[in-house]
Amino acid sequence: MRRVVVTGLGCVSPLGNTVEETWNGIKEGKCGIDKITLFDATDYKVQIAGEVKGFDLEQYGIDHKEARKMARFTQFLVGASAQAVKDAGLDKETLSKEKAAVMIGNGIGGFDIMEQAYKKYFEPGAGVNRLPPLTAPEMIPNEAAANVSMLYGIQGPAWTLATACSSGTDALGVGLDLVRSGRADICLAGGTEATITGFGIGCFMVLKALASKFNDDPKHASRPFDKDRDGFVMSEGSAVLVLEELEHAKARGAKIYAEFAGYGASSDAYHVTAPLPDGTGGAKAITRAMEDAGLKPQDIQYYNAHGTSTHANDSGETNMVKIAFGEHAKDLKISSTKSMTGHMIGAAGAIEALFCVKAICDSYYPATINLENPDVEGGCDLNYIPNKGINGEIKAAASASLGFGGHNGCVIFKKFEQ
């Protein structure tokens, strides 16, 4: 089996518009959640989110005119991809000649574009003639990956995977398979999402999935595994990892962050929004990822939890970890970085995989902030690294994502050794 390594990283998040800013925010225990500014949420029961701030595509050589032809989720992916490509020591001239691919997870697509178009369409006396001409190509989920392929002349597969909140994780897993199989030597893999609109927040608000009790205290709203949690916090952004076949990376002298060791997936076949309460569905994804990586539970030191800050997820995921890791679950260090970033939906698994890679490189276990009153009675009784991260060697790290519809994915990275 061809070995696959990570040679480039890029991200745009509520904590910062670069990997360095975002990772420093994670290490400092910062929270990127605040009052919504992207639309007027005054009359909403939910008035907080994790917004990307001060993002401008012009810093990546994309002029304002071109950027206006992209939905917000596409812009985020282009920015994260540009960072990752530069970090990997690649460019358009190189990538256009390589056996390269793009594999991106996206849960929803251009909510901002759809909402703007609907408003024009339903204006009295307006109708179809007021629709912006680029509505269709801007709103469809595959346009983010397509724009990246065009930007770098990548003529291999440029796919978009939609498995709700597991999209970014599953995209990484399929990217791993593309490189392992020889269909690609390099793959830009990750996720992107931008759903903070009146319609987007409203849809999840009426579903009663979002935190609504912390409008006046946004920094404490996302509190995975805490007894006072009352829902997840919507956020946005993108993360991209450059996946590369090991010998190909070595031949061009690329720096190697970590080895992408394994991937596993499963479906709950249970409910359209709720995970299996006993955790057996998600546990299958973790077990399959470990089998794929050739690792045992005790070989993994850190687990980045899906940890959404909802009652259903956090207790069910704890069960899931106990099933997959057995006795080792008690020794495993677990954290939910969503306590700091919020829930980036289709991009969540991608940025949390990036955090696993950085954790391995820096020998640092990120914290779960806002964990003031662990919900032990609700079954959340493992080591979630409360409130302050810790230093320590990490030889292997796993990250799992669970999506609406019962989609489960897990990726495992390990410290690179020759």
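Residues numbered from 1 in each chain as written. Predicted model: local features only at pLDDT ≥ 70, side-chain atom pairs only at ≥ 80, totals over all residues. Heavy atoms only, no water.

A. Here's a closer look at the pattern of salt bridges. Summed over all chains, the structure comprises 24 salt bridges. Across the pair Glu-259 and Arg-3 runs a salt bridge whose closest N-O atoms are separated by 2.8 Å. In this pair, Glu-259 is assigned in strand 8 (residues 258-267) and Arg-3 in the segment before strand 1 (4-12), connecting sequence segments 256 residues apart. Residue class for Arg-3 comes out partly exposed when judged on its relative accessible area of 29%. Of the charged contacts, one joins Glu-66 and Lys-69 as a salt bridge, the two residues approaching to 3.3 Å between their closest N and O atoms. Assessed through its relative accessible area of 37%, Glu-66 is described here as partly exposed. For Lys-69, a relative accessible area of 43% translates into the label partly exposed. (Salt bridge = Lys/Arg side-chain N within 4 Å of Asp/Glu carboxyl O. Helix = DSSP H or I, 4+ residues; strand = E, 2+ residues; numbered from the N terminus. Buried < 20%, exposed > 50% of the residue type's maximum accessible area, 1.4 Å probe, protein only.)

B. Local environment of the pairing of strand 8. Counting buried positions along strand 8 gives eight out of 10 residues, so the element sits mostly inside the fold. With three bridges connecting them, strand 1 and strand 8 associate as antiparallel partners. Counted as the bridge partner of Val-4 is Phe-260 from strand 8. With eight bridges connecting them, strand 8 and strand 14 (residues 407-414) associate as antiparallel partners. Bridging across to strand 14, Glu-259 finds its partner in Lys-414. (Pairing = 2+ DSSP bridges.)

C. Highlighting helix 8 (residues 167-181). The end-to-end C-alpha separation of helix 8 is 21 Å, in line with the 21 Å expected for 15 residues at 1.5 Å each. Most of helix 8 is tucked away, with 12 of its 15 residues classed as buried. Once helix 8 finishes, Gly-182 follows within two positions and takes phi at roughly 90°, a positive value. (Expected span 1.5 Å × (residues − 1).)

D. Representation of the sheet that holds strand 7 (residues 237-245). Spatial strand order, 5-4-6-7-1-8-14-13-9-10: 10 strands in an open sheet with mixed pairing. Where the open sheet ends on each side, the last strands, each with one partner, are strand 5 (158-161) and strand 10 (333-335). Going from strand to strand, the sheet's axes swing by 25° on average, the running direction of each strand aside. Of the strand pairs in this sheet, strand 6 (residues 186-193) and strand 7 are connected by eight bridges, and their pairing is antiparallel. Opposite Ile-186, over in strand 7, you have Glu-244 as the bridge partner. Where helix 8 meets the sheet, it contacts strand 1, strand 4 (100-105), strand 5, strand 6, strand 7, strand 8, strand 13 (396-403) and strand 14, and its direction lies at approximately 120° from that of strand 8. (Axes fitted to C-alpha atoms, helices over the stretch in contact; angles between N-to-C directions. Contact = heavy atoms within 4.5 Å.)

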